Amino acid sequence: MTLARTWSVGLAGVHGAVVDVEVDLSAGVPGVVLVGLPDAVVRQSVDRVRAAVVNAGGRWPLRRITIGLSPASMPKQGSGFDLALAAAVLAADGAVPAESVGRLVLLGELGLDGSVRSVRGVLPAVLAAARAGHGTVVVPAGNAEEAALVDSVEVLAAATLGDLVAHLAGRAALPRHVRGALPPPAPGPDLADVVGQPIGRRAVEVAAAGGHHLYLTGPPGAGKTMLAERLPSLLPALDEQAALEVTAIHSVAGTLPPGAPLVTRPTFEAPHHSATMAALVGGGSGLIRPGALCRAHRGVLFLDEAPEFPRAVLDTLRQPLERGSVTISRARGAATFPCRAQLVLAANPCPCASAAGDAACTCSPLQRRRYRSRLSGPLLDRIDLRVDLPAVTRAAWLEAGVTPEPTAAVAARVAAARAAAAARLHGTGLVLNSQVPGRLLRERWSPPRPALRLVDRALERGALSVRGYDRVLRVAWTLADLAGRAVPGADDVAEALGMRLQRAAA
Ligand SMILES: [Zn+2]
């Protein structure tokens, strides 16, 4: 036999496509010819595969080796093709039966010593193989648990190339990996830790119930970060489909937590304001890594000290947040990742960020205004909730004698409110109040006239824009859902109007 064929998977973002790997041996000057647009990493892979085959006790054919990867139009990025290349070369050389590799999909990088190394993106790759109708996938032992999340394919785990060769030759079968019971997710930080910040506690509860983006301002020590960190555990757990989506992103990013193959809780991502565009949105060489925005898919993206982020970076977030996906274009192709994240921004009232509050502030009014205005504009337009947190005073600490309500109690109210909103929005394709466009809101779900008196007056006075009016209505509905009311009353509208920045020109 001088021709062999097997399969692997190429990834673009979190979308995999099965790649046909063909190897032909012919007479001529020994060497390797690659066809099918392989990137530099795949070229290096040939050298690695040769070393691995030899060091695993195999023979590297001294013939002219032609390797074809198709479809040719698809960029082949990353090192995950090693195992398939090795198997196809060995089969073409007759070291293992060609029919033993013909139906397999192989994923994995080879070490020079013949060990099979874990790769990124195994979950989306196995999903692609299953969708294409393949029944058996060989993966690195270190990725077996992740691969086994796809229960419609047989997952075989290979620790070394020698093990794979023994399997293909029919000497010793590779261990089959099945999906194990998932460990319960580690509990996140609890709201019971947040003492004496009723406004902030209310803000995260409302944000969780309506899926509203949230902008928190307040002096250092007001608890902005603590509150933001507690938002994910107020959100409902991810269902199986969402969990697979989020896990696939973290698989490609290489950020899957060890021992927990499936991400079942909304994630929390908090990039620093010095983060590059690539770190925030995505990028890198070879297989494109999703950034913090995508890793926060169905979870929370927290930008602390938001005015310190470069404006260009913040503006980049707006469209992806609206569309729910981001496309990263590179010379060798593009990758699209989902990014339906809930945004939480936090800011100090001024650049000097005095914990003592306004009294100790040394900033000029102009400096303060400039600092605030760094966030104005299109991004803020998407944020329904803008809440100014007061400093937590000693008196508030002392008064808060009772234990604050824990996350579990608040999460139960959030779940009930979300269910009420979903029932009302049934048939529109929407499930959260934050998703309802302003026009639909005013036409179909306008609260009764008397309840709107306050917000109508603000609009007439010019204190509120039409967009701002819509934001108040969205939040008022969430407040009504939380209180179990069928429609928002005047109190809900008044509270929603209050949940806006007072000092900024919002
Ligand atoms: Zn200041």
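The structure this text deals with has already been given above.
The following paragraphs examine the structure supplied in this document. (Residues numbered from 1 in each chain as written. Predicted model: local features only at pLDDT ≥ 70, side-chain atom pairs only at ≥ 80, totals over all residues. Heavy atoms only, no water.)

## Details of the overall build of the chain
Across its full length, the chain carries 20 helices and 19 strands. Counting all 506 residues of the chain, 52% fall into the buried class. Of all intrachain contacts in the chain linking residues separated by at least 6 positions in sequence, the fraction that spans at least 24 positions is 72%. As displayed, the chain has an accessible area near 21500 Å², and 55% of this comes from carbon and sulfur atoms. Of note, the chain has its 53 positive side-chain charges centred 5 Å away from the centre of its 42 negative side-chain charges. (Helix = DSSP H or I, 4+ residues; strand = E, 2+ residues; numbered from the N terminus. Buried < 20%, exposed > 50% of the residue type's maximum accessible area, 1.4 Å probe, protein only. Contact = heavy atoms within 4.5 Å. Areas by Shrake-Rupley, 256 points an atom, 1.4 Å probe, with all protein chains shown as cover. Lys, Arg positive; Asp, Glu negative; His and termini not counted. Charge placed at Lys NZ, Arg CZ, Asp CG, Glu CD.)

## Quick look at unusual backbone geometry
The omega torsion across S70 and P71 is 10°, close enough to zero to call that bond cis. Tracing the backbone shows P71 in the loop between β4 (64–70) and α2 (82–92). The phi dihedral of E305 is positive, around 50°, even though this residue is not glycine. Relative accessible area serves as the criterion here: at 30%, E305 is assigned to the partly exposed category.

## Details of the sheet that holds strand β15 (residues 300–303)
Taken in spatial order, the five strands make up an open sheet running β12-β15-β18-β11-β19, and their pairing is parallel. Two strands close off the open sheet at either side, each with one partner strand: β12 (268–269) and β19 (385–388). Sheet topology note: the strand β11 (residues 214–217)/strand β18 (residues 342–347) ladder contains four bridges and is parallel. Along β18, the bridge assignment pairs L216 with A346. (Pairing = 2+ DSSP bridges.)

## What to know about the packing of α2 against helix α6 (residues 161–168)
Contact geometry for α2 and α6: axes closest at 11 Å, N-to-C directions at 45°. Here α2 lies oblique to α6, going by the angle between them. The two elements α2 and α6 cross, and the hand of that crossing is right-handed. Residues L83, A86, A87 and L90 of α2 lie in contact with α6, whose contacting residues are L161, L164, V165 and L168. Here the contact of α2 with α6 is built from residues that sort into eight nonpolar, no polar and no charged. (Axes fitted to C-alpha atoms, helices over the stretch in contact; angles between N-to-C directions. Parallel < 35°, antiparallel > 145°, perpendicular 65-115°, else oblique. Left-handed = near helix turned anticlockwise from the far one by under 90°. Nonpolar A, V, L, I, M, F, W, Y, C, P; charged D, E, K, R; others polar.)

## Here we look at the pattern of salt bridges
By the definition in use, this model includes 23 salt bridges. Of the charged contacts in the structure, one is a salt bridge between E154 and R176, with a shortest N-O distance of 3.7 Å. Residue E154 is found in strand β9 (residues 154–158), and its partner R176 is found in strand β10 (residues 176–177); the two are separated by 22 residues along the sequence. Across the pair E405 and R413 runs a salt bridge whose closest N-O atoms are separated by 2.8 Å. The exposure class assigned to E405 is partly exposed, which follows from its relative accessible area of 33%. One salt-bridge network, in which partners are shared between bridges, spans D193, E229 and R230. (Salt bridge = Lys/Arg side-chain N within 4 Å of Asp/Glu carboxyl O.)

## Description of helix α20 (residues 490–498)
Taken residue by residue, α20 has D492, V493, A496 and L497 as its buried positions. One face of α20 carries all of its buried residues, which in axial projection span an arc of 135°. Tucked into the core, α20 has its buried residues touching α18 (453–461) and α19 (466–483). (Arc of directions from axis to C-beta.)

## Some remarks on the packing of aromatic side chains
Under the counting rule described, the total for this entry stands at one aromatic pair. On the numbers, 5.9 Å between centres and 25° between planes, the contact of F268 with F302 is stacked. Of this pair, F268 sits in strand β12 while F302 sits in strand β15, and the two are 34 residues apart along the sequence. (Phe/Tyr/Trp six-rings, centres within 6.5 Å; stacked < 30°, edge-to-face > 60°.)

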